[in-house]
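Structural overview for review
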Amino acid sequence: MPILRVALDVPVARLFEYRADDASSEDIGRRVVVPFAKKVAVGVIAGMVDAASVPAERLKPVLRVLRGEPGFTAADLKLIVFAADYYHYPLGAAIMAALPTSLRRLRTHRSQPTGGQLTLTEAGALGLQQLPVRASRQRRLLQALEQGPLDHQAFRALAPQATGMLKQFIARGWVETGPPADAGAQPAPEIRTAPPLTAEQAQATAEICAALGAFRPVLLLGITGSGKSEVYLHAIAAAVAAGRQALLLVPEIALTPQLEGLIRDRFARVPAVSLHSGLGAGERLANWRAAQSGRARIVLGTRLAVFTPLPELGLIIVDEEHDASFKQAEGFRYSARDLAVVRAQQCNLPVVLGSATPALESYFNAASGRYRLLALNHRIGAAPPRIACIDTRGARLEDGLSAPLLEAIAERTARGEQSLVFINRRGYAPVLICHACGWVSGCHRCSAQLVLHLKERRLRCHHCGYQGQVPMACPACGSQQLAPLGQGTQRVEAALAERFPQARIMRIDRDSVRQRQAWPEMRRRIRERDVDVLVGTQLLAKGHDFPHLNLVAVLNADSMLYSTDFRASERLFALLAQVAGRAGRGKEQGTVLIQTEFPHHPLYRSLQRQDYRAFADNLLVERRQAGFPPFV
């Protein structure tokens, strides 16, 4: 009688044994329903043994093996087992965390019809032209069908409301269902309007494509605006043409819609899906199943997508590989970038780590020969921005803004150009302070400070999520001399609105993009030049291309210079280099102004020269002398 070893989502570092008369080795990796304590739970079969480690009478029987869909493969389980062991996390909880939430429960998402191809009719083509501009979702779905037939799975992955809209389209006669396409035939990739590659891009693309079918870690070190995305797209096209799947990992959900649109515009008739926490449960499950079955040839996702089952995986790309968002900070703590390299090694395929400012560990691996270093040193179609420091020692600031900076913003606004004021602190002010006794608004649940959000009259902790009302008087002494200390995005926005009443100012931070469609609408307004001045956090620092943005002003950069974190200078250089790269992507050369009390600091000097390698080499010397990573 086979004994199943089942992974369950419990914080115990062991697997649980059950008996199953009809189980076989083919069931390893499939989900299973088992009795656990006084309830019924869903688990995953992680292995089989011939003899149990407990007496046979104590073994409980499996209630049901869910054989309706494929489970994890041996390669998938190998990666999760490695991660659980390396990061010291219970194996059962790690395996279950790799599943979509809907598959961890007994009641899964209701299955939808998947047979047949959806085709746009002539009436649908006319209806598309007559749709109002506000019907953006319907327009997007019909435009996708205009490119060619889609199966139900790929169609539903386009939008959360796709299933309901499909019923309307069929009832109107705009869409019809035909026979299913040949499941064994994969569509040939078609690259549309691909710009010609530069010599650097062509060399990098050729080396990556030549490595398909073999493990080869590549560090693509390209300055902002040098065209790393084009290298990614050409490498993905080569992988899909070879009959393989491609996995593209990005650090932020905010970057996903832009890259998703770029991939859909570039590749015709190649199914692509996104996987990130911003999706609804049903859409995420549909996309995960499309990737697991092999129907989706391109998968774009955030850190958890590194565990997505991909039976024909041929290429992994990690964009902005230095970003801290690739590290899971709670629960199952892991680094998706490092696991991407491990997965590539286990599956014998190339992995590309791309960044303008790589993590020092990745740069050290490239410098020492463990990774292949490919460089893109020149911007495409634009000159690098001019970077200057504004010395604020002894200067009088207006709400944290210096006179030269305000003059630069006024000049750009008068010329019809866009400006970005970057401050990596949302809210109105970092803290509320009492001038009578020195009381500071500290969080009641953790050691962080409560940030003042003036418009909502709330104090919020950006670490643990605690919220509270703004007190009328000091809780310590009763004085009413409470005042905000420091600047946040809301305070800077208010100061700029008062200084430039005619300017169109937009604030972009996690508070302003909470609604699902807020960020796409903001991007549209920026591209159409409906905004003069942007006030934003690191949401604007990477991956965006705004051709009319010619001035970037950085506030409060010094706060990270002397942090107790030994990686603070590395992260500050990366952040400033990324946000500086947003300037001057059009015809005009951009300008970057950094307010600082330490204008001669070596970090700012290296940034002005835009010489990451010199900065990284000096930092490696310091790390070696101090006995810090990557040397220990």
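Structure report, in brief. (Residues numbered from 1 in each chain as written. Predicted model: local features only at pLDDT ≥ 70, side-chain atom pairs only at ≥ 80, totals over all residues. Heavy atoms only, no water.)

**Description of the sheet that holds strand 17 (residues 386-391)**
Applicable threshold: The criterion for strand pairing is that DSSP finds at least two bridges linking the strands in question. Helix and strand definitions here come from DSSP, where helices need a minimum of 4 consecutive H or I residues and strands a minimum of 2 consecutive E residues; each element is numbered from the N-terminal end. Axes, fitted as lines to C-alpha atoms, cover a helix only where it is in contact. Angles between the N-to-C directions of the axes lie from 0 to 180 degrees. A contact between two residues is defined here by any heavy atoms of the two lying within 4.5 Å.
A sheet is described by the order of its strands in space; here six strands give the open sequence 17-27-26-18-25-24, paired in parallel fashion. Because the sheet does not close on itself, it has two edges, and the strands there are strand 17 and strand 24 (505-508). Across this sheet, the average inter-strand angle for adjacent strands is 20 degrees, counted without regard to direction. Two elements, strand 18 (residues 418-422) and strand 26 (residues 549-554), share five bridges in a ladder whose sense is parallel. By the bridge assignment for strand 26, Phe 422 is matched with Val 554. Running at roughly 165 degrees to strand 26, helix 13 (residues 403-414) makes contact with strand 17, strand 18, strand 25 (533-536), strand 26 and strand 27 (591-596) of the sheet.

**Concerning the pattern of salt bridges**
Definition in use: Put simply, a salt bridge is a Lys or Arg side-chain nitrogen that is within 4 Å of an Asp or Glu carboxyl oxygen.
Within the structure shown, the criterion is met by 25 salt bridges. A salt bridge links Glu 230 to Arg 266, with the shortest nitrogen-to-oxygen separation between them at 2.7 Å. Here Arg 266 lies in helix 9 (residues 256-266) and Glu 230 lies in helix 8 (residues 228-241), a separation of 36 residues in the sequence. Residues Glu 528 and Arg 524 are paired through a salt bridge, measuring 2.6 Å at the closest nitrogen-oxygen approach. It is possible to trace a salt-bridge network through shared partners that takes in Asp 22, Asp 27, Arg 30 and Arg 67.

**Some remarks on the nonpolar core**
Note the following rule: Joining through side-chain atoms within 4.5 Å is the link that ties buried Ala, Val, Leu, Ile, Met, Phe, Trp, Tyr and Cys residues into a set, and such a set is a nonpolar core. Burial here depends on accessible area, computed with a 1.4 Å probe over protein chains only, as a share of the maximum for the residue type. Under 20% is buried, over 50% is exposed, and the range in between is partly exposed.
Membership of the largest hydrophobic core comes to 48 residues, with the highest contact counts inside it found for Phe 72, Leu 247, Leu 249, Val 306, Phe 307 and Ile 316. Looking at this core, the element that brings in the most residues is helix 11 (residues 336-347), giving six residues. The residues touching Val 306, leaving out its near neighbours within four places in the chain, are Leu 79, Leu 247, Leu 249, Tyr 334, Ala 336, Leu 339, Ala 340 and Arg 343.

**Considering the sheet that holds strand 21 (residues 458-460)**
Within the open sheet, the three strands sit side by side as 20-21-22. Their pairing is antiparallel. Looking at strand neighbours, the two that pair on one side only are strand 20 (451-453) and strand 22 (467-469), the edges of this open sheet. When strand polarity is set aside, the average angle formed by the axes of neighbouring strands in this sheet is 30 degrees. Looking at chain direction, strand 20 and strand 21 are connected through three bridges and run antiparallel. Paired with Leu 452 across the strands is Leu 459, a residue of strand 21.

**Structural notes on the pairing of strand 2 (residues 16-19)**
Alignment of strand 1 (residues 3-7) against strand 2, held across four bridges, turns out to be antiparallel. Bridge pairing in strand 2 links Val 6 to Phe 16. Sheet topology places strand 2 next to strand 5 (residues 60-61); two bridges connect them, and they run parallel. Paired with Arg 19 across the strands is Pro 61, a residue of strand 5.

The quantities given are spatial measurements derived from coordinates; they are silent on function.
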